[in-house]
Amino acid sequence: MTDTIAAIATPFGSGGIGVIRISGLQSFNLAAKIFSKTPADVDKRAPQFISHRVSHGFICDGETTIDEVLVVPMKAPRSYTAEDVVEIQAHSGTIVLRRILDLLFSHGARPAEPGEFTRRAFLNGRIDLTQAEAVADIINARSDSSLKFAASQNLGTLGQSIRNMISGLTQFLARLEAAIDFPDDAGAFSYTSRDKAELQLVADKIGGLIQQHKDACFLKTGIRLAICGEPNVGKSSIMNRILEKEKSIITAVPGTTRDPIEDSLIIEGIPFVIVDTAGIHQTDDLVEIIGIEKARDQIEAADIVLYVIEPGKPFPEKTVSTTLPDDKPVIFAINKMDLAHELDLPQPPSTYADTSPVEVSALTGQGINTLRTKLLERCIGNLEIGDDAVIPNLRHKNALVQALEHMTTMMEGLENGQEEETLALDVKNCIDHLGTITGDTAPPDILDAVFNNFCIGK
Ligand code: GDP
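Residues numbered from 1 in each chain as written. Predicted model: local features only at pLDDT ≥ 70, side-chain atom pairs only at ≥ 80, totals over all residues. Heavy atoms only, no water.

Caption draft 1: The arrangement of the overall build of the protein in detail. Scanning the protein for helices and strands turns up 14 helices and 13 strands. The long-range fraction of contacts in the protein, counting pairs at least 24 apart against all pairs at least 6 apart in sequence, stands at 65%. As displayed, the protein offers around 22300 Å² of accessible surface, 51% of which is attributable to carbon and sulfur atoms. (Helix = DSSP H or I, 4+ residues; strand = E, 2+ residues; numbered from the N terminus. Contact = heavy atoms within 4.5 Å. Areas by Shrake-Rupley, 256 points an atom, 1.4 Å probe, with all protein chains shown as cover.)

The structure is reproduced here in structure tokens:
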């Protein structure tokens, strides 16, 4: 890590400002070689960089002035990588940034690999692995909520939470090991009710984080909502109302939507992917049958189903029970309420968890906001953003699942008088799995996998 790396840190293309980042022992020297307080054709004045103070000047290649720039020098460890860093703010154009970068390479800088700046920040102990991953999540955030999660993770909330668990387990492990090393000392290890409560607390915490992963995943990928129902109940019209644009084809001929139509939108910062499906009913039309099969697949893949019914018709119990899997969350909406007048409203039977349908009219917009609110409540009602560290990351979840397995085996072993060596092994394994989340015990291939996802310059 002694070499000095450089890369363009801002997106390629034209723009107001483009930033080149240099990190490593030679970064101040390298910047001084290409930077002058005056343009190239005037007497060059070598810069006196003062850490964290902006310098104005010019990037010069021999007698040629390349660009007028601002330079931000940052002495270690008060920088992104915790090394000496210089950031050059130039005009953002592909050619100008490339020329400055090539100049730095000609003076001995090495091109940075993807994620190498963040990797250095991690290896220098300035951030843990969860914070490094949060950098990628912040860059890729597509909604307010995923940004909020990533930002909270960037502050190290998750890492701290994991470290607290590791610290408690390490103390417990020390007592177990003392009992193994000094078996004659009767006071070395005794399993108290306080131990039991504390270990249970850790197990609950891990379990809670695994559960939160499921909820938080929505925020990265979007909650999949399938709109289903019999033909002509107004599925496409409701989708368009929710999306507030014309995407599906609306016609008065039943069976128009034969292929699932997908779109995405953000409701109060939460991303949704909405799929409008073919009307589900008994038919001999081959094309419709294919559409209905696709609709079933969409229901299978959905996180939640919006089942549309209409006034004046009985609740389609048979179709619903044959299409909706038992464990699929569902919201019923009675559409065409503008036509309801004296008509009877269909009532979902008590077998469904939520039997109070939302009354809407895709035509007038009635009830659409209530429907959006209900969708949010059903999907993320239990998810407290920001109150605790959450895990919208599969790598973290897998590590937690493994940690919990060892935790559970160990706690059962304690109850059953398992020997200390076996218990200690489970505690160690649990700690190791937790440690891969913060990076403390992450093997190089995990680090490569994390940092290879970054773009160059980050
Ligand atoms: P889908 O087959 O379930 O997707 O139904 P569509 O959205 O294509 O709508 C079928 C017909 O019902 C069209 O003629 C719509 O204009 C009409 N429609 C949809 N929603 C409403 C509504 O809320 N009120 C009234 N009066 N007509 C509606």
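Moving on from the model shown.
Caption draft 2: Main features of the packing of aromatic side chains. If you walk through the whole model with that rule in mind, you get six aromatic pairs. Each ring, one from Phe-315 and one from Phe-332, has its centre 5.3 Å from the other, and the planes form 75 degrees; the classification is edge-to-face. Here the residue Phe-315 occupies a position in the loop between strand E11 (304-309) and helix H10 (317-323), and Phe-332 occupies one in strand E12 (residues 330-334), the gap between them amounting to 17 residues. Residue class for Phe-315 comes out buried when judged on its relative accessible area of 12%. What links up through ring pairs into an aromatic cluster is the set Phe-28, Phe-35 and Phe-49. It is Arg-21 that lies over the ring of Tyr-80; its NZ or CZ is 4.5 Å from the centre. Directly above the ring of Phe-28 sits Lys-75, whose terminal nitrogen or CZ lies 4.6 Å from the centroid. (Phe/Tyr/Trp six-rings, centres within 6.5 Å; stacked < 30°, edge-to-face > 60°. Buried < 20%, exposed > 50% of the residue type's maximum accessible area, 1.4 Å probe, protein only. Lys NZ or Arg CZ within 6 Å of the ring centre and 35° of its normal.)

Caption draft 3: Examining a nonpolar patch on the surface more closely. On the surface, a cluster of nonpolar side chains totalling about 290 Å² of accessible area is made up of Leu-286, Ile-289 and Ile-290. The exposure class assigned to Ile-289 is partly exposed, which follows from its relative accessible area of 34%. (Patch = residues over 30% accessible without salt bridge, like charges linked within 9 Å, V, L, I, M, F, W, Y side chains within 5 Å. Salt bridge = Lys/Arg side-chain N within 4 Å of Asp/Glu carboxyl O.)

Caption draft 4: Inspection of the site of the ligand at higher detail. Looking at the ligand, there are 16 residues lining it, with Asn-232, Lys-235, Ser-236, Ser-237 and Asp-338 nearest. Within the contact set of the ligand, an oxygen atom lies 2.7 Å away from a side-chain nitrogen or oxygen of Ser-236. Here the ligand, which alone exposes 580 Å², has 86% of that area covered by the protein. Partitioning the shell around the ligand into residue classes produces six nonpolar, seven polar and three charged. (Near = heavy atom within 4 Å. Polar contact = N/O pair within 3.5 Å; in protein donor to acceptor, adjacent residues only side chain to side chain. Nonpolar A, V, L, I, M, F, W, Y, C, P; charged D, E, K, R; others polar.)

Caption draft 5: Region of the structure containing unusual backbone geometry. Following Ala-76, the chain continues into Pro-77 via a peptide bond in cis, with omega recorded as 0 degrees. By secondary structure assignment, the location of Pro-77 is in the loop between strand E5 (64-74) and strand E6 (85-92). Phi is positive for Lys-336, which is not a glycine, with a value near 60 degrees. Within the secondary structure layout, Lys-336 lies in the loop between E12 and strand E13 (358-359). Here Lys-336 falls in the partly exposed class, since its relative accessible area comes to 24%. A positive phi angle, close to 35 degrees, is found at His-341, a residue other than glycine. Position of His-341 among the secondary structure elements: in the loop between E12 and E13.

Caption draft 6: Up close: the sheet that holds E6. Within the open sheet, the seven strands sit side by side as E3-E4-E5-E6-E2-E1-E7. Their pairing is mixed. Lying at the two open borders of the sheet, with one neighbouring strand each, are strand E3 (35-36) and strand E7 (110-111). Relative to E5, strand E4 (residues 55-61) runs antiparallel, the two being bridged by seven bridges. Bridge pairing in E5 links Cys-60 to Thr-65. Contacts from helix H1 (residues 27-34) reach strand E2 (15-23), E3, E4, E5 and E6 within the one sheet, and its direction differs from that of E6 by about 35 degrees. (Pairing = 2+ DSSP bridges. Axes fitted to C-alpha atoms, helices over the stretch in contact; angles between N-to-C directions.)

Caption draft 7: Spatial organisation of the environment of Ser-161. On the secondary structure map, Ser-161 appears in helix H6 (residues 157-181). Separated by 277 residues in sequence, Ser-161 and Thr-438 have C-alpha atoms that sit 9.9 Å apart.

Caption draft 8: Representation of the side chain of Lys-374 in the model. Along the chain, the position of Lys-374 falls in helix H11 (residues 368-380). Judged by relative accessible area, which is 15%, Lys-374 ranks as buried. Contact partners of Lys-374, with chain neighbours within four places excluded, come to Ile-331, Asp-354, Ser-356 and Val-358.

Caption draft 9: Quick look at the nonpolar core. Grouped together as the largest cluster of nonpolar side chains are 30 residues, with contacts concentrated most on Ile-162, Leu-169, Met-407, Met-410 and Leu-434. Taken together, the elements giving at least two residues each to this core come down to H6, helix H7 (193-221), helix H12 (394-415) and helix H13 (420-438). At nine residues, H6 tops the list of elements feeding residues into this core. In this structure Met-407 touches Leu-169, Leu-199, Val-202, Ala-203 and Cys-430, once residues within four positions along its chain are discounted. Core analysis: the next-biggest nonpolar cluster, separate from the first, contains 27 residues, Ile-223, Leu-243, Ile-267 and Val-308 among them. (Core = buried A, V, L, I, M, F, W, Y, C linked by side-chain atoms within 4.5 Å.)

Caption draft 10: Expanded view of the confidence of the model for the protein. Scored by pLDDT, the protein has a mean of 85; 89% of the residues are at 70 or more. By mean pLDDT, helix H5 (residues 144-154) is the weakest element of the protein at 70, and strand E1 (residues 5-8) is the strongest at 96. Here residues 246-250 scores under 50 on pLDDT; set against residues more than four positions off or in separate chains, the count is 16 contacts. (pLDDT = per-residue confidence, 0-100.)

Caption draft 11: Region of the structure containing the pattern of salt bridges. The final tally for this structure, using the stated rule, is 18 salt bridges. Glu-133 serves as the salt-bridge partner of Arg-395, at 2.8 Å between the closest nitrogen and oxygen. With a gap of 262 residues between them, Arg-395 in helix H12 and Glu-133 in helix H4 (residues 129-140) connect regions that are remote in the sequence. Across the pair, Glu-133 and Arg-395 agree in class, each one buried. Within this structure, Asp-3, Glu-83, Arg-110, Glu-116 and Arg-120 form a network of salt bridges that share partners.

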